[in-house]
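Residues per chain, in single letters:
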Amino acid sequence: MTSNISFFSMVKNDLKRRIWAMALLFLGLFAALPLAGMMYTESLQNQLANRMLSWEKMIAELAEFVGPVNYGMFAVVVGASVLAAFTGFSFLQSSRKLDLFHSIPVTRKRLFFVQYVSGILVFVIPYALSLVLLLVVCIVKTVCTAAVLVSLVIGAAMHVLYFLLLYHLALIAILLTGRILVSFLGLGVFYGYAFLVWQVALGYFQEFFQTFYPGNQELAGKITQMFSPAFLYLSHIQAFEGKGLQSAAVFGEHWKSLLVLLAEILLFLAVSFWLSQKRRSEAAGHSMAFERCKPVVKVLLLTALSGAGGLIFSSLSEGRKTAWMVFGILFCALVFHCVIEVIYSYEF
């Protein structure tokens, strides 16, 4: 038997439960957009009054700030994706809360999408309010030109898309694990594993191949970005640096990155939904929700971490570098094997 409560009523009730998260995000967004925007605009106008820059240069700088090139927004988006995911789905990590949620007469599918949609709104609502306030600042300061408006819209679209990508990734980390601490560790692995593997591979190339030239790493960088959403986000932001007046053109030029971004958003959403339907209720309280994932995760982690350990021991030694490298690999493999087994086996 299922409840007759409408989907939107359930989302509304869940938003009331998470009102504190929306308030917290609004404070961060207010500081990163309207407040920082007002201070930056006044600084630019003072430079304009003192003839330290031209009107065109001021508009270009401001368009860059309100658009994608705002590292304060990068930090807020990353934090918001984690906050939205954990405030909505952390009940999966507690047997008591999970029993309470599953006692509600709704299907798992509906419960997932209620939490999912409300999590998006937790970010989108305060973000929209902050954008409106930023627009008011631009109008009051008489700098609301077409270039600024276009850059603001493109920046908003890009930040929302990357929020969805990172939000879906955080959901996967939560659904694969049964404890909050392990979920955070898993999310850290998702963010940095591809970068770590590339740095380890690069270190061994330089160690053993005398003719290796690390100058052109464009292909490896693109592969790393594809498998590390945080680095993909940063690289996309950097593409707009110094091009505030050409935001629309830059946005169009990077259509391949946009396709990759949209594909990853849809893929991660599909994976998170599938995991939510397959996840057992008994997984709450266990480090890993799926037993079959344990050996795969262990092998992947030990490969990268033991490889990094070998490079560290080799770099610290003056002689017999190869011998110390082998020792470092074996030693780190043993240590991290024990650490991973502790995480898998013990309740903490």
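Bear in mind the structure is a predicted one, so any value in this text is a computation, not a measurement. Note that residues are indexed from 1 along each chain, following the sequence as it is written. Totals for whole chains, interfaces and linings use every residue, but because this is a predicted model, local features are given only for residues with pLDDT of at least 70 and side-chain atom pairs only at 80 or more, for both listing and counting. Hydrogens are left out, water is left out, and the side-chain values use all remaining heavy atoms of the structure.

**Focus on the pattern of salt bridges**
Here is step 1: Take a side-chain nitrogen of Lys or Arg and a carboxyl oxygen of Asp or Glu: if they are within 4 Å of each other, that pair is a salt bridge. Per the stated rule, a full pass over the model turns up six salt bridges.
Here is step 2: As a salt-bridge pair, Arg18 and Asp14 come within 3.0 Å of each other at their nearest N and O atoms.
Here is step 3: Between Glu42 and Lys141 there is a salt bridge whose closest N-O contact spans 3.1 Å. Of this pair, Glu42 sits in helix α2 (residues 19–49) while Lys141 sits in the loop between α6 (108–140) and α7 (146–176); the two residues are 99 residues apart in sequence, bridging distant segments of the chain.
Here is step 4: A single network of salt bridges, built from pairs that share partners, joins Asp14, Arg17 and Arg18. Strands here are runs of E lasting at least two residues and helices are runs of H or I lasting at least four, both read from the DSSP assignment and numbered beginning at the N terminus.

**A short note on the environment of Ala170**
Here is step 1: Looking at the secondary structure, you find Ala170 in helix α7.
Here is step 2: Distance in space between the C-alpha atoms of Ala170 and Trp274 is 15 Å, their sequence separation being 104 residues.
Here is step 3: Whether two residues touch is decided by their heavy atoms; if any such pair falls within 4.5 Å, the residues are in contact. Dropping the residues within four chain positions of it, Ala170 is found in contact with Ser81, Ala85 and Leu187.

**Some thoughts on the nonpolar core**
Here is step 1: Nonpolar cores were defined as sets of buried Ala, Val, Leu, Ile, Met, Phe, Trp, Tyr and Cys residues, with membership established by side-chain atoms within 4.5 Å. Relative accessible area decides the class of each residue, using a 1.4 Å probe on protein chains only: under 20% of the type maximum gives buried, over 50% gives exposed, and in between gives partly exposed. Membership of the largest hydrophobic core comes to 84 residues, with the highest contact counts inside it found for Phe89, Phe163 and Tyr167.
Here is step 2: For this core, the leading source of residues is α7, giving 20 residues.
Here is step 3: Ignoring any residue separated from it by four or fewer positions in sequence, one finds Tyr167 in contact with Ser81, Ala84, Ala85, Phe89, Gln115, Tyr116, Gly119 and Ile120.

**Focus: helix α4 (residues 71–89)**
Here is step 1: Here α4 is 19 residues long and its end C-alpha atoms lie 27 Å apart, about the 27 Å a rise of 1.5 Å per residue gives.
Here is step 2: Among the 19 residues in α4, 15 count as buried, and that is most of the element.
Here is step 3: With a side-chain oxygen lying 3.1 Å from the backbone nitrogen of Gly72, the N-terminal cap of α4 falls on Asn70. By this rule, a helix spans an expected 1.5 Å times one less than how many residues it contains. Any pair of N or O atoms that falls within 3.5 Å is considered a polar contact. Within protein, one atom must be able to donate a hydrogen and the other to accept it, and sequence-neighbouring residues count only if both atoms are side-chain atoms.

**Some remarks on the confidence of the model for the protein chain**
Here is step 1: Every residue gets a pLDDT, meaning the predictor's confidence in that residue, from 0 to 100. Overall, the prediction assigns the protein chain a mean pLDDT of 86, with 93% of residues at 70 or greater.
Here is step 2: Ranking the helices and strands of the protein chain by mean pLDDT puts α6 first, with 93, and helix α9 (residues 218–227) last, with 66.

**Digging into the packing of α7 against helix α8 (residues 180–208)**
Here is step 1: Fitted lines through C-alpha atoms serve as axes, helices being fitted only where they are in contact, and the angles separating the N-to-C directions of these axes extend from 0 to 180 degrees. Look at α7 against α8: their axes get within 8 Å of each other, and the N-to-C directions meet at 135°. When the interaxial angle is binned, α7 and α8 end up oblique. When the axes of α7 and α8 are compared, the crossing they make is right-handed. Contacts between α7 and α8 involve Leu166, Leu169, Ala170, Ile172, Ala173, Ile174 and Leu176 from the first element and Ser183, Gly186, Leu187, Phe190 and Tyr191 from the second.
Here is step 2: In the contact of α7 with α8, the residues fall into ten nonpolar, two polar and no charged. Geometric relationships in this document are graded by angle, where less than 35 degrees denotes roughly parallel, more than 145 denotes roughly antiparallel, 65 to 115 denotes roughly perpendicular, and other angles denote oblique. Each crossing is labelled by how the near helix is turned from the far one, with a counterclockwise turn of less than a right angle marking it left-handed and a clockwise turn marking it right-handed. Each residue receives one of three labels: charged for Asp, Glu, Lys and Arg, nonpolar for Ala, Val, Leu, Ile, Met, Phe, Trp, Tyr, Cys and Pro, and polar for the others, Gly being one of them.

**Comments concerning the packing of α8 against helix α13 (residues 293–316)**
Think of two packed helices as two axes; the pair is described by the angle between the axes and how far apart they sit.
Here is step 1: Put simply, α8 and α13 touch, their axes get as near as 9 Å, and they point 45° apart. Between α8 and α13, the angle falls in the class oblique. Here the hand of the crossing between α8 and α13 comes out left-handed. Residues Val189, Tyr193, Leu196, Val197, Gln199, Val200, Gly203, Tyr204 and Glu207 of α8 touch α13, and the partners they reach there are Leu300, Leu301, Ala304, Leu305, Gly307, Ala308, Gly310, Leu311 and Ser314.
Here is step 2: Along the lines of polarity and charge, the residues of the contact of α8 with α13 split into twelve nonpolar, five polar and one charged.

**Overview of the environment of Trp324**
Here is step 1: Relative to the helices and strands, Trp324 resides in helix α14 (residues 321–345).
Here is step 2: In this structure the C-alpha to C-alpha distance between Trp324 and Val137, which are 187 residues apart in sequence, comes to 60 Å.
Here is step 3: Apart from the residues within four sequence positions on either side, Trp324 is in contact with Phe313, Ser317 and Gly319.

**As for the packing of aromatic side chains**
Here is step 1: Aromatic pairs are defined between Phe, Tyr and Trp rings, using the six-membered ring for Trp, whenever the two ring centres lie within 6.5 Å; interplanar angles under 30 degrees are classed as stacked, those over 60 as edge-to-face, and all others as tilted. All chains considered together, the criterion is met by 24 aromatic pairs.
Here is step 2: Taken together, a centroid distance of 4.9 Å and an interplanar angle of 55° make the contact between Phe74 and Tyr233 tilted. Taken as a pair, Phe74 in helix α4 and Tyr233 in helix α10 (residues 229–238) lie far apart in primary sequence, 159 residues in all. The pair Phe74 / Tyr233 is uniform in exposure class, with both members buried.
Here is step 3: Through a chain of ring-to-ring contacts, the aromatic side chains of Phe89, Phe91, Phe112, Phe113, Tyr116, Phe123, Tyr127, Phe163, Tyr167 and Phe273 assemble into a single cluster.

**Considering unusual backbone geometry**
Here is step 1: Not every positive phi belongs to a glycine, and Arg51 is a case in point at roughly 60°.
Here is step 2: Note that Arg51 resides in the loop between α2 and α3 (55–66).
Here is step 3: Of note in the backbone geometry, Thr142 takes a positive phi value of approximately 55° without being a glycine.
Here is step 4: As for its position among the elements, Thr142 is in the loop between α6 and α7.
Here is step 5: Residue class for Thr142 comes out exposed when judged on its relative accessible area of 59%.

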